[in-house]
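What the coordinates show
If you want the building blocks of each chain, they are given just below.
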Amino acid sequence: MEKEIHKYFIKRLKEEGVRILPGHYPKLKTREEVDEWIYVIKKSFENFFEEKGGEKNE
């Protein structure tokens, strides 16, 4: 990931409250890819917890 995109990625992770282990970052090339990746991750978690009945601490 280019330095500028990496900085944007870290900024967006913090803004959205998404956590990922360093070294496990996706290989993204544009800001649009960063935004799409974060959207997909957040939506996946929302859907997962909706299916579980909203219980996050089971």
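Residues numbered from 1 in each chain as written. Predicted model: local features only at pLDDT ≥ 70, side-chain atom pairs only at ≥ 80, totals over all residues. Heavy atoms only, no water.

Observations concerning the overall build of the protein
What the protein contains, in helices and strands, is 2 helices and 0 strands. Evaluated residue by residue, the protein yields a buried proportion of 19% over its 58 residues. Look at the contacts in the protein between residues 6 or more apart in sequence, and 40% of them connect residues 24 or more apart. Of the roughly 5000 Å² that the protein leaves accessible, carbon and sulfur atoms contribute 51%. (Helix = DSSP H or I, 4+ residues; strand = E, 2+ residues; numbered from the N terminus. Buried < 20%, exposed > 50% of the residue type's maximum accessible area, 1.4 Å probe, protein only. Contact = heavy atoms within 4.5 Å. Areas by Shrake-Rupley, 256 points an atom, 1.4 Å probe, with all protein chains shown as cover.)

Points about the nonpolar core
Residues Ile 5, Tyr 8, Phe 9, Leu 13, Val 18, Leu 28, Val 34, Trp 37 and Ile 38 constitute the largest nonpolar core, which totals 9 residues. Where this core is concerned, the elements lending two or more residues are helix H1 (3-16) and helix H2 (31-51). For this core, the element with the highest residue contribution is H1, accounting for 4 residues. Among residues more than four places away in sequence, those in contact with Phe 9 are Met 1, Ile 20, Tyr 25, Pro 26, Leu 28, Val 34 and Trp 37. (Core = buried A, V, L, I, M, F, W, Y, C linked by side-chain atoms within 4.5 Å.)

Here's the deal with the pattern of salt bridges
Tallied over the full model, the rule gives 7 salt bridges. In this structure, Asp 35 and Arg 12 form a salt bridge, with 3.0 Å as the shortest nitrogen-oxygen distance. Taken together, the residues Asp 35 in helix H2 and Arg 12 in helix H1 connect sequence positions 23 residues apart. Of the residues examined, Arg 12 reaches a relative accessible area of 15% and is grouped as buried. In this structure, Lys 43 engages Glu 46 in a salt bridge whose closest nitrogen and oxygen atoms are separated by 3.8 Å. Taken together, the residues Lys 43 and Glu 46, both in helix H2 and 3 residues apart, mark about one turn of the helix. For Lys 43, a relative accessible area of 34% puts it in the partly exposed group. Each of Lys 11, Arg 12, Glu 15, Glu 16, Asp 35 and Lys 42 takes part in one network of salt bridges that share partners. (Salt bridge = Lys/Arg side-chain N within 4 Å of Asp/Glu carboxyl O.)

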